[in-house]
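# An overview of the molecular structure
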Amino acid sequence: MDEIMSRKRTSFFTIFWGILALLYFFLPIYGTLDFSLRMERGILGFKAYKIIFADPRFWEGFRYSVTMAVITIIVSAAIFVPTIYWMYLKVPQARPIMEIITILPFVIPGIILVFGLIRTFSRPPLQLTTSTFKTDILMIAGYVIISMPYMFRAVDVGMRSIDVRTLTEAAQSLGSNWFHVLADVIIPNLRLAILGGSLICFATVMGELILADFLVRPALGPYMVRLGLTKAYEPAALAIISYSLTWFSLGLLQFFSSRSERQKQQVITT
Amino acid sequence: MTHLELTHIHKSFGASVAVEDFNLTVKQGEFVSFLGPSGCGKTTTLRMVAGFELPTSGNVTLNGKDLTYVPPNKRNVGMVFQSYALFPNMTVAQNVGYGLKIAGKSKNEIEERVREMLSLIQMDKFYSRYPYQLSGGQQQRVALARALAIQPELLLLDEPLSALDAKIRFELRQEIRRIQQKLGITTIYVTHDQEEALSLSDRIVVMSQGKIEQVGNPFEIYNFPQTRFVAKFVGSLNTVTATVVDPAKGIASFDGINLEIAQGLNGKNKGEEVTIAIRPERFNFLAEQRKENVFDCTIENITFLGSVVRVQMKIGNSIFNMDTFNRPSLKLPNIGGKEQVTCSNKAVLVLAG
Ligand SMILES: Nc1ncnc2c1ncn2[C@@H]1O[C@H](COP(=O)(O)OP(=O)(O)OP(=O)(O)O)[C@@H](O)[C@H]1O
Ligand SMILES: [Mg+2]
């Protein structure tokens, strides 16, 4: 009897807190959305969105940030997948150290990273602030560091879910060299982990502000801030656009993971 | 014809020695087991043959070619792991064909060979399944097919059946032997299960603490163990330390009881200590039949093991086991009762160490 009571109570509180959390999360978004639609007095409309989509600086920022994000993802995957693989295989005891190093970008404020980068790379021997191309390289390097905690963790979790060492040895005994082991065995089994890391990486770069601002590159982040200084409705619309982008990414992640599940299911039934 | 040769293999991990002065020659087509308790260096030795570990010193030669420093992917050695290690992202067919794909074989050739291998392990129907859709036993069959598909010169198996339940283990054991004999492939099989080693092998290498204790065929290993360790580890030999009384006549004594040994004690001196061993099944009650050695004993315990009854008894101050067939006419003594048992002088073995 008591048990039933307490179970009822927990389920009541679960729902209560659940609803509270949802409200806490969605109310501001709803508020922003509502506000963004009220640019024209008295009617709900997409005027703020139209203005943004008509602004060439938005598209410039969008294109720039997407390009940077994609390059960042490629570079950081190319760095982290082999590194973490090597760590699992040869120096598993280094994992705690790696974990601390990769969490540093969380601890060190972005502004310090930027000043560090600018101070180090705006003078010889490695001067990277003299052309936009070189500055972009610096940007990518900074983005890779900023997104490092996500990429490392995503790949680490994926790596832990497979028996890296035995799979490597099995592939080697079948004649595989290192490149083939990675390309045929390790990476395919990390696909989802890498995808997950990449999407978070993407969202981080798309919203990044400080690096682009100080290195004076036309990314989406600074555009958003500048818009916010002079306008009221457009930034709200932009916030909704960027939320949608993030959710779209998460949706993609969900889609890919459930699709690979479905594929597995299908094979079972045939 | 010598096929695989391990000479003076030595392996240390830092200060700890895993394998010490390991010497072995394996003939073409031979099935050799490494048998020993956990941590005795079986896996380490196998991994040196596969190329996953470098020996600290010594050499591995296959077909007269020194392989010691050849990387594992250039050895053409098939390996089967305890954990199956199938590639989760590939189907059964892709797993089996992987080695051939790496070797750059044509699609048709791979397809043909994969079908052939799958029919060899009787798993044709599982062609397009993924590993997680297979039972452990099926996965291990596929792993075997995958290792054999590349037509390796040597097949290495590291406790391939340990993760499976008893019935599957028994079936797959027969299967491995059948396939091995059909293909005539030289095989090294690591196990800590004496029954597995005895039933499968042409020869058994019994190991303890990184060293070879004895190499011999199952019959020799079981019936003529040379060391106390082998005697204890393989089967359940009774061992006791005895003192040589008369080397010429082959008489020794333990706990003041004399013992006649048919094989004699040549090369031993009077008063020297030797380890002797007697298999439990070589004892019988004096009432049934008289043999050369007769002992007074006290019955300590009686255990029924199905077709066999194991009687634990005390002779002098030493505990011995006697196994006797469980037939209806058997008259079992009382626990704590005094009895007389007997064994042939040929049943008494003298061990080296
Ligand atoms: N990479 C390693 N680093 C340090 N010591 C190791 C390493 N691999 C094995 N050893 C040690 O070498 C010894 C032999 O190990 P090995 O794995 O060969 O034993 P095994 O006979 O296969 O045992 P099991 O039946 O438990 O598998 C053990 O004492 C083990 O601790
Ligand atoms: Mg082992």
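The numbering scheme is per chain: residues are counted from 1 as the chain's sequence reads. As they are written, the chains are lettered A onward and the ligands numbered 1 onward, keeping that order. In view of the model being predicted, local features appear only for residues whose pLDDT reaches at least 70, and side-chain atom pairs are presented and counted only at 80 or more, with totals across whole chains, interfaces and linings using the full set of residues. To get the side-chain values, all heavy atoms of the structure are used, and hydrogens and water are removed first.

### So, the confidence of the model for chain B
With 99% of its residues at a pLDDT of at least 70, chain B reaches an overall mean of 91. Predicted as a complex, the structure gets a pTM of 0.81 and an ipTM equal to 0.81. Think of pLDDT as the predictor's per-residue confidence, scored from 0 to 100.

### Focus: a nonpolar patch on the surface
All names here are of chain A. By definition, no residue in a patch forms a salt bridge, and every one has over 30% relative accessible area; like charges are joined within 9 Å, nonpolar side chains (Val, Leu, Ile, Met, Phe, Trp, Tyr) within 5 Å. Computed with the Shrake-Rupley method and a 1.4 Å probe, the accessible areas treat only the protein chains shown as cover for residues. Whenever a carboxyl oxygen of Asp or Glu lies within 4 Å of a side-chain nitrogen of Lys or Arg, that contact is scored as a salt bridge. Taken together, the side chains of Ile97, Ile101, Ile103, Leu104, Phe106, Val107, Ile108, Ile111, Ile112, Phe115 and Phe214 define a hydrophobic patch exposed on the protein surface, amounting to about 960 Å² of accessible area. The way it works is that DSSP assigns letters per residue, a run of H or I at least four long becomes a helix, a run of E at least two long becomes a strand, and they are numbered from the N terminus. Of all elements in the fold, only α4 (95-107) and α5 (110-121) reach the threshold of two or more residues within the nonpolar patch. Top element by residues in the nonpolar patch is α4. It accounts for 6 residues. Buried means the residue's accessible area, taken with a 1.4 Å probe over protein chains only, is under 20% of the maximum for its type, while exposed means over 50%, and partly exposed covers the values in between. The class of isoleucine 103 is partly exposed, set by a relative accessible area of 32%.

### Examining the nonpolar core
Formed by 61 residues in total, the largest nonpolar core has its most connected members in Met159 and Ile186 of chain A together with Leu4, Phe22, Phe34, Phe87 and Leu156 of chain B. Ranked by residue count, the leading element in this core is helix α3 (residues 56-90) of chain A, at 8 residues. Put simply, a nonpolar core is a bunch of buried Ala, Val, Leu, Ile, Met, Phe, Trp, Tyr and Cys residues held in one set by side-chain atoms that sit within 4.5 Å of each other.

### Topic: the pairing of strand β13 (residues 257-260) of chain B
Residue and element names in this part refer to chain B. A strand pair is defined by DSSP finding two or more bridges across the two strands. Sheet topology note: the strand β12 (residues 251-254)/β13 ladder contains 4 bridges and is antiparallel. When the sheet's bridge partners are listed, isoleucine 251 is paired in β13 with glutamate 260. Connecting the antiparallel pair β12 and β13 is a turn made up of 2 residues, with aspartate 255 showing a positive phi of about 45°.

### Regarding the sheet that holds strand β18 (residues 318-325) of chain B
Residues and elements named next belong to chain B. Sheet architecture is open: 5 strands sit in the order β15-β19-β16-β17-β18, paired in antiparallel fashion. Each edge of the sheet is formed by a strand with only one pairing partner; in this case those strands are β15 (283-285) and β18. Strand-to-strand, the axes of this sheet are offset by a mean angle of 50°, without reference to chain direction. When strand β17 (residues 308-315) meets β18, the two strands line up antiparallel, connected through 8 bridges. Counterpart to valine 309 in the pairing with β18 is threonine 324. An axis is simply a line fitted to the C-alpha atoms; with a helix, the fit covers only the stretch in contact. Between two such axes, the angle follows the N-to-C directions and lies from 0 to 180 degrees.

### Observations regarding the packing of aromatic side chains
Think of a pair of aromatic rings as described by two things: how far the centres are apart, and how the planes are tilted against each other in angle. Ring pairs shown here join Phe, Tyr and Trp side chains whose ring centres sit within 6.5 Å, with only the six-membered ring taken for Trp; geometry is labelled stacked below 30 degrees between planes, edge-to-face above 60, and tilted in between. Across all of its chains, the model carries 29 aromatic pairs over all chains by this definition. Ring geometry for phenylalanine 12 of chain A against phenylalanine 13 of chain A: centres 5.4 Å apart, planes inclined by 70°, an arrangement best described as edge-to-face. Ring plane angle 70° and centroid distance 5.1 Å describe the contact between phenylalanine 87 of chain B and tyrosine 98 of chain B, whose orientation is recorded as edge-to-face. Placement of phenylalanine 87 of chain B in the loop between β6 (77-80) and α2 (92-102) and of tyrosine 98 of chain B in helix α2 is noted, with a sequence separation of 11 residues between them. Of the two residues, phenylalanine 87 of chain B and tyrosine 98 of chain B, both sit in the buried class. An aromatic cluster is present here, built from Phe53, Phe58, Trp59, Phe62 and Tyr223 of chain A joined pairwise through their rings. Lysine and arginine charges are scored as sitting over a ring when NZ or CZ, respectively, is within 6 Å of the ring centre and within 35 degrees of the ring normal. Over the ring of phenylalanine 87 of chain B we find arginine 146 of chain B; its NZ or CZ atom is 4.5 Å from the centre of that ring. Positioned above the aromatic ring of tyrosine 222 of chain B is the side chain of arginine 279 of chain B, whose terminal nitrogen or guanidinium carbon lies 3.7 Å from the ring centre.

### Here's the deal with the site of ligand 1
Residues and elements named next belong to chain B. The immediate surroundings of ligand 1 are formed by Phe13, Ala18, Pro37, Ser38, Gly39, Cys40, Gly41, Lys42, Thr43, Thr44 and Glu159. Side-chain atoms alone can form a polar contact between residues adjacent in sequence; in general such a contact is a pair of N or O atoms within 3.5 Å, and within protein one must be able to donate a hydrogen while the other accepts it. In the model, an oxygen atom of ligand 1 is placed 2.8 Å from a nitrogen or oxygen of the lysine 42 side chain. Here an oxygen atom of ligand 1 and a side-chain polar atom of threonine 43 are 2.5 Å apart. Here the shell around ligand 1 takes 3 residues from helix α1 (residues 42-50), the largest share from any one element. Here the nonpolar group is Ala, Val, Leu, Ile, Met, Phe, Trp, Tyr, Cys and Pro; Asp, Glu, Lys and Arg are the charged ones; every other residue, Gly included, is treated as polar. Taken together, the residues of the shell around ligand 1 break down into 4 nonpolar, 5 polar and 2 charged. Only a single heavy atom is needed: when it lies within 4 Å of a molecule or strand, its residue is near that molecule or strand.

### Description of unusual backbone geometry
All names here are of chain B. A positive phi angle, near 40°, is found at aspartate 21, a position not held by glycine. Looking at the element boundaries, aspartate 21 is found in strand β2 (residues 16-27). Of note in this structure, glutamine 151 is not a glycine but carries a positive phi near 50°. Within the secondary structure, glutamine 151 is located in the loop between α4 (136-149) and β7 (154-158).

### What to know about the interface of chain A and chain B
Contacts are assigned to residue pairs that have any heavy atoms within 4.5 Å of one another. Facing 21 residues of chain A, the contacting portion of chain B comprises 26 residues. Note on definitions: buried area is the accessible-area loss of two parts on being combined, 1.4 Å probe, summed for both. Approximately 2000 Å² of surface area, both sides summed, lies buried where chain A meets chain B, with 61% of it carried by carbon and sulfur atoms. Arginine 47 of chain B serves as the salt-bridge partner of glutamate 169 of chain A, at 2.8 Å between the closest nitrogen and oxygen. Connecting chain A to chain B are 6 residue pairs in polar contact (both at pLDDT 80 or more). Looking at the side of chain A that touches chain B, the elements with two or more residues in it are α8 (164-173), α9 (178-207) and α12 (233-269) of chain A. Sorting elements by how many residues they give to the side of chain A that touches chain B places α8 of chain A first, with 8 residues.

### Regarding the environment of leucine 332 of chain B
Residue and element names in this part refer to chain B. Mapped onto the secondary structure, leucine 332 falls in the loop between β18 and β19 (338-343). Each C-alpha atom of the pair leucine 332 and glutamate 112 lies 63 Å from the other, and the pair is 220 residues apart in sequence. Ignoring anything within four residues of it in the chain, the contact list for leucine 332 reads Ile302, Phe304 and Val309.

### Examining the packing of α3 of chain A against α9 of chain A
Residue and element names in this part refer to chain A. Contact geometry of α3 with α9 gives a least axis separation of 8 Å together with a crossing angle of 140°. One element, α3, and the other, α9, form an angle in the oblique class. Two packed elements cross with a definite hand, and for α3 against α9 that hand is right-handed. Here the contact of α3 with α9 is composed, by residue class, of 22 nonpolar, 4 polar and no charged. Roughly parallel here means an angle under 35 degrees, roughly antiparallel means over 145, roughly perpendicular means 65 to 115, and every remaining angle is called oblique. The crossing is said to be left-handed when, going from far helix to near helix, the turn is anticlockwise and less than a right angle, and right-handed when the turn is clockwise.

### Topic: the confidence of the model for chain A
All names here are of chain A. Model confidence for chain A is summarised by a mean pLDDT of 84, while 92% of its residues fall at 70 or above. Here α12 stands out as the least confident element of chain A, with mean pLDDT 73; α8 is the most confident, with 95. Residue range residues 266-270 is modelled with pLDDT below 50. Its contacts to residues more than four positions away, or to other chains, number 6 contacts.

### Considering helix α3 (residues 107-120) of chain B
Residue and element names in this part refer to chain B. Each residue after the first adds 1.5 Å to the expected span of a helix. Spanning 14 residues, α3 covers 20 Å between terminal C-alpha atoms, matching the ideal 20 Å at 1.5 Å per step. Regarding α3, the residues found buried are Ile110, Arg113, Val114, Met117, Leu118 and Leu120. For α3, the buried positions fall inside an angular range of 150° around the axis, keeping them on one side. Turned more than 90 degrees away from the buried face of α3, the exposed residues are Asn108 and Glu112. Residues of α3 that are buried sit in contact with α2, α4 and α5 (166-183). Taken from the residues just after α3, glutamine 122 is the one with a positive phi, measuring 55°. Here the arc refers to the set of directions running from the helix axis out to each C-beta atom.

### Comments concerning α4 of chain B
For α4 of chain B, with 14 residues, the first-to-last C-alpha span of 20 Å sits near the 20 Å given by 1.5 Å per residue. Burial analysis of α4 of chain B places 12 of its 14 residues in the buried class, which makes it a mostly covered element. Taken as a whole, α4 of chain B has its buried residues at Gly137, Gln139, Gln140, Arg141, Val142, Ala143, Leu144, Ala145, Arg146, Ala147, Leu148 and Ala149 of chain B. Looking at the buried positions of α4 of chain B, the neighbouring elements they touch are α8 of chain A together with β6, α2, α3, β7 and α5 of chain B. Backbone geometry just after α4 of chain B places glutamine 151 of chain B at a positive phi near 50°.

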